[in-house]
Amino acid sequence: MQLRYQKIKNHANRLVISGYDITNRCNLRCKGCYFFEGDRSSSFSDDQTLEEFDALFASEVKRGVTMPHFAGAEPAKVPERLAIAAKHWNRGIIYTNGTLPIAEDLPFMLHISLWGVDETDARLRGRHAFRKGLENFAQDPRAIFIFTINHQNISEMVEATEICHQHGARISFNHYSPTRWYGKAGSDMPNEILLKGKGRFSKPDDDYALTLEDLDTIKSTISELLVRFPDTLIYSSYYNEIINSPTIQFALDPETGVATNCTILKTPHHRQYRTDLSWDDDDCCIPNTDCATCRHYVSNYSKVMGDFRHHTSDIASFEKWLEVYETWCRLNIRDWDQLS
C-alpha cells in the first residue's frame, strides 16, 4: 500500500488541471450532448486564430497548468489546435466521439464517448459512432471508451463491455447527468436557448434521466463486470458504491443551485475556457450540467479524491480512497500501469 501511495505522490499528486473548449464544430448531433444543450458553451464564437491559441496555451503553462483537458464540441475537428497544444504539454486528455482520426503522435489520453450499441448508438448519435470508434482506436493505448449510462441504454452495458474486450479496447462508465435545460423542450424553453441549442432535446416520453431503480441496476451490473473483465473495465468498486447512492452528490447553494463542495469549482487553478478563450469562475468541467443531479465521472472522481481527510481514520478507509485515486490515474495518465 505504501508503494502504491508513493507512486501517486510521484506522478499525480501535483497535477494542475484546467479545461479548454477548443471548438464548437462537431460532425454529430447527439441527444443529451452537454455542449449543445445549453447556453454556457455553444453560444461563444469560434474564430480565434492559431496564434491566439498558442499564446493562451503558453500563458497557461506559465500559470502552472500541467494537465489540460480538451473538449468542446469535437476536438478532432481542429487537429491544428491540438498540435499546438502538444507543443506546450506532454500529457492531458482529449474528449472525443471517436469517429474522426486523431494524430498518433499526440501525447494525450483519449476519452471516447459511447452512448450505446448498434441501434441505440445510431438513434442517439445519428450514426454508428461506436463501430467507427473501435475501427479508429480499439488498439490505441491512449484510448478509453466512456459509456454514458442513461435510462434507455442500461441493458447494453454488458454488451458494450464484451465488445470492447473482444477488440482489446478499454471501457469505463459515466452517468448521464441532466443539463440545466433538460426536458424543457418546445414552449418551455426560452427562445434564445432553443435557437442556440443544436442538440436533440428530450421529450417527456423520451426520458434519459436515471431513476433510483436504475442506480441499483447500474451498481450491480458494474460489480459483476469488474469480476468478469478486470483488465477491460477501468472502474473503482468503492466509487461504484458512492456514485450509485440515492443521495445528491453535492451540497448546493440554496440561492444559485451551484455546488459548494465541488472540488473542480473550488480548485483555484481550474478554469473552463470557452471557444472564444473567455472563462467564468462559475463554470466547472461540464458548464451546462445541473449540480443537483450531477453524477458526471470527472467531477465526482475528483470529489472523492479531494476527500482525503475523511479516509484516514483507518486502513480500510484509506484503501478505498487509494483505489479511487489509482482508478483515476489509469483513466487519465498515459501508461499508468507501466510507471513505477
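Please read all numbers here as calculations on a predicted model, not as lab measurements.

Criteria and thresholds
Position numbers for residues count from 1 along each chain, tracking the sequence in the order it is written. pLDDT decides what is reported in this predicted model: residues at 70 or higher carry local features, side-chain atom pairs at 80 or more are listed and counted, and totals for whole chains, interfaces and linings draw on all residues regardless. To obtain the side-chain values, all non-hydrogen atoms of the structure were included, while hydrogens and water were left out. Secondary structure elements are defined from DSSP: runs of H or I of at least 4 residues count as helices, runs of E of at least 2 residues count as strands, and each element is numbered from the N terminus. Expected helix span is taken as 1.5 Å per residue step, with the number of steps being one fewer than the number of residues. Pairs of residues are marked as contacts when any of their non-hydrogen atoms sit within 4.5 Å. For each residue, the accessible area found with a 1.4 Å probe, counting protein chains only, is set against the maximum for its type, and the residue is called buried under 20%, exposed over 50%, and partly exposed in between. We treat two strands as partners when DSSP finds at least two bridges between them. Lines fitted to the C-alpha atoms define the axes, with helices restricted to the stretch that makes contact. Angles between their N-to-C directions range from 0 to 180 degrees. An angle below 35 degrees is treated as roughly parallel, one above 145 as roughly antiparallel, one from 65 to 115 as roughly perpendicular, and anything else as oblique. By definition, any crossing whose near helix is turned counterclockwise from its far helix by less than a right angle is left-handed, and any crossing with a clockwise turn is right-handed. In this classification, Asp, Glu, Lys and Arg are treated as charged, Ala, Val, Leu, Ile, Met, Phe, Trp, Tyr, Cys and Pro as nonpolar, and every other residue, Gly included, as polar. By the criterion applied in these results, polar contacts are pairs of N or O atoms within 3.5 Å in which, for protein atoms, one can donate a hydrogen and the other can accept it, and in which residues neighboring in sequence qualify only through two side-chain atoms. Only one rule defines a salt bridge in this text: a Lys or Arg side-chain nitrogen within 4 Å of an Asp or Glu carboxyl oxygen. The crossover handedness rule: strands pointing away from the viewer, path from first strand over the helix to second strand clockwise, crossover right-handed. Confidence of the predictor at the level of single residues is given by pLDDT, which spans 0 to 100. The definition of a nonpolar core used throughout is a set of buried Ala, Val, Leu, Ile, Met, Phe, Trp, Tyr and Cys residues joined through side-chain atoms within 4.5 Å. Planes of paired rings set the category: under 30 degrees apart is stacked, over 60 is edge-to-face and the rest tilted, where pairs are Phe, Tyr or Trp rings (Trp by its six-membered ring) whose centres lie within 6.5 Å. We call a charge positioned above a ring when the Lys NZ or Arg CZ atom is no farther than 6 Å from the ring centre and deviates by at most 35 degrees from the ring normal.

## Focus: helix H8 (residues 212–228)
Moving on, step 1. Between its first and last C-alpha, H8 extends 25 Å over 17 residues, near the 24 Å set by a 1.5 Å rise per residue.
Moving on, step 2. On its buried side, H8 packs onto strand S5 (143–149), helix H6 (157–167), strand S6 (171–175) and helix H9 (237–243).

## Side note on the pairing of strand S4 (residues 109–114)
Moving on, step 1. Most of S4 is tucked away, with five of its six residues classed as buried.
Moving on, step 2. Taken together, the four bridges between strand S3 (residues 93–96) and S4 define a ladder with parallel strand orientation. Across the sheet, the residue bridging to Tyr95 is His111, located in S4.
Moving on, step 3. Taken together, the five bridges between S4 and S5 define a ladder with parallel strand orientation. Opposite Leu114, over in S5, you have Phe147 as the bridge partner.

## With respect to the packing of helix H1 (residues 2–11) against helix H12 (residues 315–332)
Moving on, step 1. Axis separation between H1 and H12 bottoms out at 11 Å; the angle between their running directions is 45 degrees. The orientation of H1 relative to H12 falls into the category oblique. The two elements H1 and H12 cross, and the hand of that crossing is left-handed. Counting all contacts with H1, which are made through Arg4, Tyr5 and Ile8, the residues of H12 involved are Phe318, Glu319, Trp321, Leu322, Glu323, Tyr325, Glu326 and Cys329.
Moving on, step 2. A breakdown of the residues in the contact of H1 with H12 according to their chemical character gives seven nonpolar, no polar and four charged.

## Observations concerning H12
Moving on, step 1. For H12, spanning 18 residues, the distance from its first C-alpha to its last is 25 Å, which sits close to the expected 26 Å at 1.5 Å a residue.
Moving on, step 2. For H12, a buried count of 13 out of 18 residues is recorded, marking the element as mostly surrounded by other parts of the structure.
Moving on, step 3. For H12, the N-terminal cap is Asp314; the gap from its side-chain oxygen to the backbone nitrogen of Ala316 is 3.1 Å.

## Comments concerning the pattern of salt bridges
Moving on, step 1. A complete count under the given rule lists 11 salt bridges for this structure.
Moving on, step 2. In this structure, Asp46 engages Arg81 in a salt bridge whose closest nitrogen and oxygen atoms are separated by 2.7 Å. Taken together, the positions of Asp46 in the loop between strand S1 (17–21) and helix H2 (50–63) and Arg81 in helix H3 (residues 79–88) put the pair 35 residues apart, joining distant regions of the chain.
Moving on, step 3. On the accessibility criterion, Arg81 (4% relative accessible area) is buried.
Moving on, step 4. Ionic pairing is found between Arg142 and Asp140, a salt bridge with its closest N-O pair at 2.7 Å.
Moving on, step 5. Because the salt bridges share partners, they merge into one network encompassing Arg4, Glu319 and Glu326.

## Here's the deal with the sheet that holds strand S2 (residues 67–71)
Moving on, step 1. A sheet is described by the order of its strands in space; here seven strands give the open sequence S6-S5-S4-S3-S2-S1-S7, paired in parallel fashion. The sheet is open, and its two edges are formed by S6 and strand S7 (272–273), each paired on a single side.
Moving on, step 2. Here H12 sits on the sheet and contacts S1, S2, S3, S4, S5 and S6; the angle it forms with S4, its principal contact strand, is near 95 degrees.

## Points about the pairing of S3
Moving on, step 1. The alternating pattern of S3 places Ile93 and Tyr95 on one face and Ile94 and Thr96 on the opposite face, and all of these are buried.
Moving on, step 2. In this sheet, S3 lies alongside S2 in parallel orientation, the contact comprising two bridges. Counted as the bridge partner of Phe70 is Ile94 from S3.
Moving on, step 3. Since S2 and S3 lie parallel, the crossover through H3 that links them has a hand, and here it is right-handed.

## Digging into the confidence of the model for the chain
Moving on, step 1. Summarising the model, the chain shows a mean pLDDT of 87, and 88% of its residues fall at 70 or more.
Moving on, step 2. Here residues 183–202 scores under 50 on pLDDT; set against residues more than four positions off or in separate chains, the count is 32 contacts.

## Some words on the nonpolar core
Moving on, step 1. Phe57 and Phe70 are the most contacted members of the largest nonpolar core, which has 90 residues in total.
Moving on, step 2. If you look at the next biggest cluster of nonpolar residues, it comprises seven residues, including Cys26, Cys30, Cys33 and Phe35.

## As for the packing of aromatic side chains
When we look at a pair of aromatic rings, we describe it by the centre distance and by the angle of the planes.
Moving on, step 1. Counting across every chain of the model gives 24 aromatic pairs.
Moving on, step 2. An aromatic cluster is defined as three or more aromatic residues linked by ring pairs; in this entry it consists of Tyr20, Phe53, Phe57, Phe70, Trp89, Phe108, Tyr273 and Trp279.
Moving on, step 3. Across from the ring centre of Trp336, 4.4 Å away, lies the NZ or CZ of Lys7, which sits over that ring.
Moving on, step 4. One cation-aromatic arrangement involves Lys303 over Phe250; the distance from NZ or CZ to the ring centre is 5.8 Å.

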